[in-house]
Amino acid sequence: MNFEIGQSAQFSRTVTETDFIMFAGLSGDYNPIHTDQEYAENTFFGGRISHGLLTASMLSRLLGMHLPGPGSIYVSQSLTFTKPVYIGDTITAYAEVVKIDEDSRLLTLQTTCRNQSGSTVLDGNGVMKLPKKEQG
Ligand SMILES: C[C@@H](O)CC(=O)SCCNC(=O)CCNC(=O)[C@H](O)C(C)(C)COP(=O)(O)OP(=O)(O)OC[C@H]1O[C@@H](n2cnc3c(N)ncnc32)[C@H](O)[C@@H]1OP(=O)(O)O
């Protein structure tokens, strides 16, 4: 396996209102904290916040496309949503290899998402199974 402890990858994107609407349609989760401005403004959060799994979907892209990348499959992912994500926030998803099990072809990555202020909004660990050598 051509991976090493400490190897990392990241990318950033800005969350839009369209993301909220499309994710609500895709998932069927129309929770008013995401979809109803008036409702959300009257909560502790002061406005609509991202679906937690919309933010987490950035990890899917990071692990599936970058590290370990295409051909790998998700085995597990822990998620702690530490701060809300708002429309217009620029989120950086980051993954770092923390464990390599050559025999079982399992890679464990520490995964975080941070906002433009550097605050962690999501934290967890992902485990990915790598394809056999002959599969790529
Ligand atoms: C399944 C989907 O439909 C729902 C989602 O995906 S929600 C999106 C993902 N989650 C988040 O974005 C949460 C991010 N994390 C946080 O904001 C905080 O870590 C926390 C609020 C979860 C916990 O903060 P903490 O300070 O440790 O805990 P408190 O319990 O003291 O809460 C702080 C204030 O938050 C208010 N609050 C909690 N839950 C709700 C809620 N469902 N709606 C509105 N407000 C909520 C809580 O009232 C506290 O405010 P208070 O003035 O102190 O009472």
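About the cut-offs
- Residues numbered from 1 in each chain as written.
- Predicted model: local features only at pLDDT ≥ 70, side-chain atom pairs only at ≥ 80, totals over all residues.
- Heavy atoms only, no water.
- Near = heavy atom within 4 Å.
- Polar contact = N/O pair within 3.5 Å; in protein donor to acceptor, adjacent residues only side chain to side chain.
- Areas by Shrake-Rupley, 256 points an atom, 1.4 Å probe, with all protein chains shown as cover.
- Nonpolar A, V, L, I, M, F, W, Y, C, P; charged D, E, K, R; others polar.
- Pairing = 2+ DSSP bridges.
- Helix = DSSP H or I, 4+ residues; strand = E, 2+ residues; numbered from the N terminus.
- Core = buried A, V, L, I, M, F, W, Y, C linked by side-chain atoms within 4.5 Å.
- Buried < 20%, exposed > 50% of the residue type's maximum accessible area, 1.4 Å probe, protein only.
- Contact = heavy atoms within 4.5 Å.
- pLDDT = per-residue confidence, 0-100.

> Help me out: how do you make sense of the site of the ligand in this one?
Around the ligand, the surrounding shell holds 14 residues, and the nearest of these are Asp29, Asn31, Gly52, Phe81 and Thr82. At 2.9 Å from an oxygen atom of the ligand is found a side-chain nitrogen or oxygen belonging to Asn31. In the complex, the protein chains occlude 42% of the 1100 Å² of accessible area that the ligand would expose alone. By residue class, the composition of the shell around the ligand is five nonpolar, seven polar and two charged.

> Explain the pairing of strand E4 (residues 90-101) to me, please; I cannot follow it from the model alone.
Within a regular strand, the side chains alternate between the two sheet faces. Bridge count between strand E1 (residues 8-14) and E4: seven bridges; the pairing is antiparallel. By the bridge assignment for E4, Thr14 is matched with Thr90. Of the pairings in the sheet, the one linking E4 to strand E5 (residues 106-114) comprises nine bridges and is antiparallel in character. Across the sheet, Glu96 pairs through a bridge with Gln110, a residue of E5. What sits between the antiparallel neighbours E4 and E5 is a turn of four residues, in which Arg105 has the positive phi angle 60 degrees.

> Teacher, can you tell me more about the nonpolar core here?
Buried together is how nonpolar side chains tend to be arranged in soluble globular proteins. Membership of the largest hydrophobic core comes to 24 residues, with the highest contact counts inside it found for Leu62, Ile91, Ala93, Leu109 and Cys113. Of all the secondary structure elements, the ones that give two or more residues to this core are E1, helix H1 (17-27), helix H4 (52-65), E4, E5 and strand E6 (120-129). Tallying contributions element by element places H4 first for this core, with six residues. Setting aside its immediate chain neighbours within four residues, Ala93 contacts Ala9, Gln10, Phe11, Met58, Leu59, Leu62, Thr112 and Cys113.

> Would you explain the confidence of the model for the chain in this entry?
Fine structural detail should not be taken from predicted coordinates in areas where pLDDT scores are low. Looking at the chain, pLDDT values average 96 and 98% of them are 70 or higher. Scoring the predicted complex yields pTM 0.93 and, for the interface, ipTM 0.86.

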